[in-house]
Amino acid sequence: MKKYLFLTLIFWLSVVALAQDSLRVKLDSLLRDPMFETSQVGLMVYDLTADSALYTYNHRQLMRPASTMKLVTAITALDQLGSKYEYQTRIYYDGDIVDSTLTGNVYCVGGFDPSLTSDDVAALAECVRRLGVDSIHGLLVADRTMKEALDYGEGWCWDDDNPLLTSLTVGRKNVFLTLFAEEVARLGVNLERVRLEEGRRQAHARLLATCKHPITLVLERMMKMSDNFYAESMFYQTAAAADKGVARAADARNITKRLINKIGLKGDNYKIADGSGLSLYNYVSPELLTMLLRYAWQQPDIKDALLASLPIAGVDGTLKDRLRGNSTKGNVRAKTGTLTGISSLAGYCTAANGHVLCFTIINQGVMRTQPGRNFQDRVCRVLCEN
């Protein structure tokens, strides 16, 4: 019996070794493409089922990740905050209500929720009316002090068309306070003796209403549509968790580096500039992204939220029109990345033997996006069919 088990083990180890050899041969062949005479690539494939690296090529080279940086932000935020975390926009007031008149101020406190809508503003305005007031004498204050007063991320290009990173917006625009005032007035509250100002909530102000949105709502658009504004909001949410009064990008970077240390790499070996990947200052490696994907897979709470948010090949998001073949469609779940000269892809797939793999591919120095994407798609087909 022992001899039979031993021979069976040897047989299956031989099968695994042959499969790995086949994978190496096929990927080595792809790397002989003429495109690499003028561009670079970093590649790592990890077998999550066997918990071992399958293939590496330039996997420790520091490269700009483009929007695969959103994987770093998402995994860090889920690790720090949990999948049940909620973004919150709050309304406070102070002063006294006499004869249906509030003599005091109303404070709209932003929590950098990128998903706020005009319907949310209307619901918050309704809470003011429910105070039983028909007139306000005082201020309507927009409190944007949740985060530091930086409009853009470190290393963003001046000619990019990006929204301002402010913590109280509707549809990415700095219109919350105006819309709020319009809704309150529409509900019959007289605002003739009210001024609209930027400022800070007073400590003695009383909480009136809260609008909440789950982190998973933000995560889905951030990943499937590669929304940079949503990614930066999540970057600052992790900073807010540091509880230093004001959320700063520097705190978000430190929290990210602590996670990198936690997974067995050295955070100081990488440059973390922003949360979206827009920055030209970000430098990570295929190894880092792959090991973060491995870590996420091992944490059920992170795994479930992350998998649900990733674009699905041939189905939705930024992979809707890619990888539509039988082996890849609905199988590959991955984050894309594109900047001038950079094309990247990182995520998960299931191989023909049933093993779950995670992978990272970063093409750098590609002056046209399509050759990089074509290479990534060929790699994914090899991974799914091998």
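Coordinates for the structure precede this section.
Residues numbered from 1 in each chain as written. Predicted model: local features only at pLDDT ≥ 70, side-chain atom pairs only at ≥ 80, totals over all residues. Heavy atoms only, no water.

Trainee: Provide a residue-level description of the overall build of the protein chain, including the pertinent values.
Mentor: Secondary structure summary: the protein chain contains 10 helices and 12 strands in total. With respect to the principal axes defined by its C-alpha atoms, the protein chain has extents near 90 × 55 × 40 Å. A buried classification covers 52% of the 386 residues belonging to the protein chain. For the protein chain, contacts bridging at least 24 residues in sequence account for 71% of all contacts bridging at least 6. For the protein chain, the accessible area works out to roughly 17700 Å², and carbon and sulfur atoms hold 50% of it. Distance between charge centroids for the protein chain: 7 Å, based on 45 positive and 42 negative side chains. (Helix = DSSP H or I, 4+ residues; strand = E, 2+ residues; numbered from the N terminus. Buried < 20%, exposed > 50% of the residue type's maximum accessible area, 1.4 Å probe, protein only. Contact = heavy atoms within 4.5 Å. Areas by Shrake-Rupley, 256 points an atom, 1.4 Å probe, with all protein chains shown as cover. Lys, Arg positive; Asp, Glu negative; His and termini not counted. Charge placed at Lys NZ, Arg CZ, Asp CG, Glu CD.)

Trainee: Talk me through the sheet that holds strand β10 (residues 333–339); I want residue IDs and the actual numbers.
Mentor: Ordered by their spatial adjacency, five strands build an open sheet running β2-β1-β12-β11-β10, and the pairing between neighbours is antiparallel. The open sheet has two edge strands, β2 (52–57) and β10, and neither has a second partner. Each strand axis lies, on average, 5° off the axis of its neighbour in the sheet, ignoring direction. Where strand β1 (residues 40–47) meets β2, five bridges bridge the pair, whose relative direction is antiparallel. By the bridge assignment, methionine 44 is partnered in β2 with threonine 56. Contacts between helix α8 (residues 286–298) and the sheet are confined to β1, β11 (341–350) and β12 (356–366), with β12 contributing the most and set at about 155° to the helix. (Pairing = 2+ DSSP bridges. Axes fitted to C-alpha atoms, helices over the stretch in contact; angles between N-to-C directions.)

Trainee: Describe in detail the packing of helix α2 (residues 69–81) against helix α9 (residues 300–309), supporting the description with residues and values.
Mentor: With their axes 9 Å apart at the nearest point, α2 and α9 run at an angle of 140° to one another. It follows from the interaxial angle that α2 and α9 lie oblique. The handedness of the crossing between α2 and α9 is right-handed. Of α9, the residues touching α2 (which contributes Leu71, Ala74, Ile75, Leu78 and Asp79) are Ile302, Ala305 and Leu306. (Parallel < 35°, antiparallel > 145°, perpendicular 65-115°, else oblique. Left-handed = near helix turned anticlockwise from the far one by under 90°.)

Trainee: Provide a residue-level description of unusual backbone geometry, including the pertinent values.
Mentor: Located in the positive-phi region is alanine 66, a residue other than glycine, with phi close to 55°. Along the chain, the position of alanine 66 falls in the loop between β2 and α2. The exposure class of alanine 66 is buried, given its relative accessible area of 0%. For serine 100, which is not glycine, the phi dihedral falls at a positive 65°. Relative to the helices and strands, serine 100 resides in the loop between β4 (96–98) and β5 (101–103).

Trainee: Hey, could you go over the layout of surface pockets for me, with residue numbers and the actual values?
Mentor: In this structure, the largest pocket spans a volume of roughly 470 Å³. Arg90, Val109, Gly110, Met146 and Ala240 are, among the 22 residues lining the largest pocket, the residues nearest its centre. Mapped onto the lining of the largest pocket, the elements with two or more residues apiece are β3 (86–93) and α6 (228–240). The biggest single contributor to the lining of the largest pocket is β3, with five residues. Here the residues of the lining of the largest pocket are counted per class, giving nine nonpolar, six polar and seven charged. Forming the walls of the second largest pocket are Arg144, Thr145, Lys147, Glu148, Ala149, Leu150, Asp151, Leu164, Leu165, Thr166, Ser167 and Asn174. For the lining of the second largest pocket, the class distribution of residues is four nonpolar, four polar and four charged. (1 Å grid on protein atoms, 1.4 Å probe; cavity = no way out; pocket = protein on both sides within 12 Å on 5 of 7 lines; lining within 4 Å. Points joined across faces, edges and corners; volume = space filled by probe spheres on them. Nonpolar A, V, L, I, M, F, W, Y, C, P; charged D, E, K, R; others polar.)

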